[in-house]
Amino acid sequence: MSFINLKDKIVQVKIVYYGPGRCGKTTNLEYINRTYRKQIASEMVSLKTHGDRTLFFDFLPFDMGQIKGYDIKIQLYTVPGQVKYNATRKLVLRGVDGIVFVADAMEKQREKNIRSLNQLHENLQSYKESIFKIPLVMQYNKVDLKEHGIPILPISVLEKDLNSRLKVPYFEASAITGYNVAATLKKIISSSVISIQKKLL
Amino acid sequence: MNYGIVSQEQLEQIDRILAEKLIKLGVDCVIIIDMAGNIITAKDNGESKYDVYSFAALAAGNFATVDAMAKLVGEQEFSLLFHKGQESNIHFSKIDDELLLISMFGRDISLGFLRLNVVDVIEKIRKVWDRK
Ligand SMILES: Nc1nc2c(ncn2[C@@H]2O[C@H](COP(=O)(O)OP(=O)(O)O)[C@@H](O)[C@H]2O)c(=O)[nH]1
Ligand SMILES: [Mg+2]
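These remarks concern the structure in this document. Worth saying up front: this structure is predicted, and the values here are computed from it rather than measured.

What counts and how
- Residues numbered from 1 in each chain as written.
- Chains lettered and ligands numbered in written order.
- Predicted model: local features only at pLDDT ≥ 70, side-chain atom pairs only at ≥ 80, totals over all residues.
- Heavy atoms only, no water.
- Helix = DSSP H or I, 4+ residues; strand = E, 2+ residues; numbered from the N terminus.
- Rg over C-alpha atoms; globule rule 2.2 N^0.38 Å.
- Buried < 20%, exposed > 50% of the residue type's maximum accessible area, 1.4 Å probe, protein only.
- Contact = heavy atoms within 4.5 Å.
- Lys, Arg positive; Asp, Glu negative; His and termini not counted.
- Charge placed at Lys NZ, Arg CZ, Asp CG, Glu CD.
- Near = heavy atom within 4 Å.
- Polar contact = N/O pair within 3.5 Å; in protein donor to acceptor, adjacent residues only side chain to side chain.
- Areas by Shrake-Rupley, 256 points an atom, 1.4 Å probe, with all protein chains shown as cover.
- Nonpolar A, V, L, I, M, F, W, Y, C, P; charged D, E, K, R; others polar.

1. Examining the overall build of chain A
Of regular secondary structure, chain A possesses five helices and eight strands. Taken from N to C terminus, the helices and strands of chain A fall in the order β-β-α-β-β-β-α-β-α-β-α-β-α. Its C-alpha radius of gyration of 16 Å places chain A within 12% of the 17 Å reference for a compact globule of 201 residues. For chain A, the spread of C-alpha atoms along the three principal axes comes to 55 × 35 × 30 Å. The buried share of chain A, reckoned over its 201 residues, is 55%. The contacts of chain A with a sequence gap of at least 6 include a subset with a gap of at least 24, amounting to 69%. Looking at chain A, you have 31 positive and 18 negative side-chain charges, and the mean spots of the two groups are 5 Å apart.

Next comes the structure, spelled out in structure tokens:
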């Protein structure tokens, strides 16, 4: 749940990048951190293992400027993707306003994407949130690998596996080159802000 | 409790309590955050410049982790959460299920003295919330 400060006119919006291990969540935030330096007041915080895997979360605060006189402060988080870290994934989801589900488009990751999305559904339920109601955007990441001859899933398959019931906006993306990273971010910010505005009315 | 929106008046009251009861005593910085890592309000003595947004995200994570560990070993909660450094210390205190009060203070204040005042501050803040 976002926090709205009527005194200083600040709205804080929490957005979480969720998905299976190594799908590219941290890479999304690193790209945003490099590309939008002017809108980022502080350093990216990464709690990771020696092997460079996310241990708890990455955190990146992002200034959106003003909407209707309110300063919009976006707080971007990633979850740790490894299966064994579900307890910490749950903690990061607390009070979430919007979610980007990053799926790994590599053919061999098909099952992992589905399992991760199912677990997201369960984790949200434990906070009495619904995956069908919360602002959500799908990102099918690593599409650049096609050029390198690595088999990736067709969008139609990813859509059928992950988005046939949710029917949320989706983007093909390449977090490593930055393709559609900003488009994904803009979409989830606008969905989240609209949803917060609705709750206020 | 609908903590998601606080009125300007309530925030001003809370800021006043924090200033009078903690900052005046020599606490460097006080932050109230929610368990999602949002900042409700932050007050400091004008000298310390912390990156409060990153701090809030880490503090919420830290508190949630310790809380989960407590449950794993069969405790309701660990009531004292305190980090001691050479120059500065951090003290965490739960206001209610959603809110945390975090105080940062130096060598000139004792933990016992701080805790007494924090208890008093929390009681006053709860009254401000309840008035909604
Ligand atoms: N080819 C390619 N590799 C990517 C892409 N996004 C991430 N990676 C790589 O995938 C690995 C895992 O990425 P990371 O962001 O740490 O995944 P996380 O576990 O979801 O945080 C790293 O080696 C990245 O460089 C992408 O769009 N294309
Ligand atoms: Mg990561």
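2. What about the site of ligand 1?
All names here are of chain A. The full set close to ligand 1 counts 14 residues, and R22, K25, T26, T27 and D144 are the nearest of them. Within the backbone of R22, an N or O atom sits 2.8 Å from an oxygen atom of ligand 1. Within the contact set of ligand 1, an oxygen atom lies 3.5 Å away from a side-chain nitrogen or oxygen of K142. Contact with the protein chains removes 80% of the 580 Å² of surface that ligand 1 exposes when unbound. Tallying contributions element by element places helix α1 (residues 25–35) first for the shell around ligand 1, with three residues. By residue class, the composition of the shell around ligand 1 is four nonpolar, six polar and four charged.

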